[in-house]
Amino acid sequence: MKTDEASLQRLMALAQQGDGVAYRTVLTACQRWLLRYFSGRIVAAQVDDLVQDTLASLHAKRASYDPTRPFLPWLAAIARYRWVDQLRRTYRQREDELHDELVGDDHEESIAARISLDRLLGYLPERQAHVIRLVKIDGHSVAEAALRSGQSEPLVKVNIHRGLKKLAALIESE
Amino acid sequence: MKMKTDIEALVADLQPVRPVEPRGGALLAIAAAAVAAAVVIAWQGLRPDIVAGNPHPMVMMREGMLLVLGFASLAAVVASARPGVGQSSGGWRWALAAASLFPLTSIVLSVASGSVPEEDLYSVNGPWCLGISLGSGMLIGAVLTLWLRRGAPTALNRIGWLVGLTAGSFGTFAYGLHCVSITVYFVGFWYAGAIGLSALIGRLVVPRLIRW
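Our subject in this report is the structure included herewith. Source: prediction; values computed, not measured.

1. Considering the overall build of chain B
Link 1 in the chain: A count of helical and extended segments in chain B gives 10 helices and 0 strands.
Link 2 in the chain: In terms of principal-axis extent, the alpha carbons of chain B reach across some 75 × 35 × 25 Å.
Link 3 in the chain: Buried positions account for 47% of the 212 residues belonging to chain B.
Link 4 in the chain: When contacts within chain B are restricted to residue pairs at least 6 apart in sequence, those whose partners lie at least 24 apart make up 87%.
Link 5 in the chain: Here chain B holds 14 positive side-chain charges and 9 negative ones, and the gap between their average locations is 11 Å.

2. Things to note about the packing of helix 2 (residues 22-44) of chain B against helix 4 (residues 57-79) of chain B
All names here are of chain B.
Link 1 in the chain: As a packed pair, helix 2 and helix 4 sit with axes 9 Å apart at the nearest point and diverge in direction by 140°. Taken together, the axis directions place helix 2 and helix 4 in an arrangement best described as oblique. Handedness of the helix 2/helix 4 crossing: right-handed. For the pair helix 2 and helix 4, contact is made by Pro22, Gly25, Ala26, Ala29 and Ile30 and by Phe71, Leu74 and Val78, respectively.
Link 2 in the chain: Looking at side-chain class alone, the contact of helix 2 with helix 4 contains 7 nonpolar, 1 polar and no charged residues.

3. As for the packing of aromatic side chains
Link 1 in the chain: As enumerated under the stated definition, the model contains 11 aromatic pairs over all chains in all.
Link 2 in the chain: Ring centres of B:Tyr175 and B:Tyr191 lie 6.2 Å apart, and the angle between their planes is 65°; on these two criteria the pair is classed as edge-to-face. Residue B:Tyr175 is located in helix 9 (residues 156-176), and its partner B:Tyr191 is located in helix 10 (residues 184-210); the two are separated by 16 residues in the primary sequence. As far as the burial class goes, B:Tyr175 and B:Tyr191 line up, both buried.
Link 3 in the chain: Considering the side-chain rings of B:Phe189 and B:Trp190, the 4.9 Å spacing of their centres and the 90° angle between planes classify their relative orientation as edge-to-face.
Link 4 in the chain: The exposure class assigned to B:Trp190 is buried, which follows from its relative accessible area of 13%.
Link 5 in the chain: An aromatic cluster is defined as three or more aromatic residues linked by ring pairs; in this entry it consists of A:Trp33, A:Tyr37 and A:Phe38.
Link 6 in the chain: In this structure, A:Arg41 packs its charged tip against the face of A:Tyr37, placed 3.8 Å from the ring centre.
Link 7 in the chain: Cation over ring: A:Arg41 sits above A:Trp83, and NZ or CZ is 5.4 Å from the ring centre.

Criteria and cut-off values
- In every chain, residue numbers begin from 1 and rise along the written sequence.
- Written order decides the labels, with chains lettered from A and ligands numbered from 1.
- Under the rules for a predicted model, residues below a pLDDT of 70 receive no local features and side-chain atom pairs below 80 are neither given nor counted, while totals for whole chains, interfaces and linings still include all residues.
- Excluded from the side-chain calculation are hydrogens and water; included are all heavy atoms of the structure.
- Elements are defined by DSSP. Helices are runs of H or I of four residues or more, strands are runs of E of two residues or more, and each kind is numbered from the N terminus.
- Residue exposure (1.4 Å probe, protein chains only): buried if accessible area is under 20% of the type maximum, exposed if over 50%, otherwise partly exposed.
- Any two residues having at least one pair of non-hydrogen atoms within 4.5 Å are treated as being in contact.
- In this count, Lys and Arg are taken as positive residues and Asp and Glu as negative ones, while His and the chain termini are left out.
- Working definition for charges: the position is that of NZ of Lys, CZ of Arg, CG of Asp or CD of Glu.
- Note on method: axes are straight lines fitted to C-alpha atoms, helices fitted across the in-contact stretch only, with angles between N-to-C directions ranging 0 to 180 degrees.
- The cut-offs work like this: below 35 degrees is roughly parallel, past 145 is roughly antiparallel, 65 to 115 is roughly perpendicular, and the gaps in between are oblique.
- Left-handed describes a crossing whose near helix is turned anticlockwise from the far helix through less than a right angle; right-handed describes the clockwise counterpart.
- Under the scheme applied here, ten amino acids are nonpolar (Ala, Val, Leu, Ile, Met, Phe, Trp, Tyr, Cys and Pro), four are charged (Asp, Glu, Lys and Arg), and all others, including Gly, are polar.
- Each Phe, Tyr or Trp ring (for Trp, its six-membered ring) is paired with any other whose centre lies within 6.5 Å, and the angle between the two planes then decides the class: stacked below 30 degrees, edge-to-face above 60, tilted in between.
- By the criterion adopted, a ring carries a charge over it if an Arg CZ or a Lys NZ lies within 6 Å of its centre and within 35 degrees of its normal.

Purely geometric stuff here, so don't read any function into it on its own.
The following block contains the structure:
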């Protein structure tokens, strides 16, 4: 079945009415879209979990979709909300071991995702965007990021914190 | 394989849902504001000039401004329940800028005259204004917050401010139907204080209640 924007809009409207077949098609298409969307936005090892979290959120909040409006902007808003939430949680947990794999299955899509991410990070001051890239996406430790960026470790933490806060505020405004 | 299983679990859990309607949230908030106004009128009484059908110009101006601010921020709140990249609902900013003319005018007049209007700042009606406005606002804010939990708001802090702003605007509107004062100082200090406090409470309380 085709899963372009118009089809997704129609299928999601059916899913809101309880149509399981339509819903399965929507979720499968969303899963593919989310895998592409999150690849390059977080460390590769966390992508699957984040896709699952986002699908669960989509399920819990499916009533918030307006069937008269395009589907993908709604999915993108939910995906970004979960993404920023994940970044915050990861930061709070101060994980010591982050993985640095960036490349997904499709090289072109990974590049496209990276460009999109760069555009979003472009809204931040370079000192904040740089350390977020180093720690949150490339998987370096705070100490390594401090060495590479020339910022002190406390400053790296502050800039990550402030940058993530700004990203959260940008969720609806981009 | 695990993802496929998870999708099947979500499909198995599927129940029909009614799409969230911003109009429903707006009507609930307006109903709560109407209840608050009715309680204020029944308890404190309506201004005599309103009863006579000939309200003082200041009363019309402040009540009109509060309604504009309340509706503009309410529109932003209920729109936020249905997320979507690229949406914007910024009319409340202009309404807030217009409403801030009251406190700004008070400050300018006070500075120009070189005196603080003590009868308005220390008015016995001031704490009543604050208490009744905030009490009414609590009802309106609680109804809006409960309704928002059905939706998927994504900019939680901003929505917290806006819920407080909506609640404060409608709450002070309700009190204004009774309020005996007609000075710009009273509005600029006590009304603005009640709205500002309500917005602050909204910012502090609402995000944690609507997080998902």
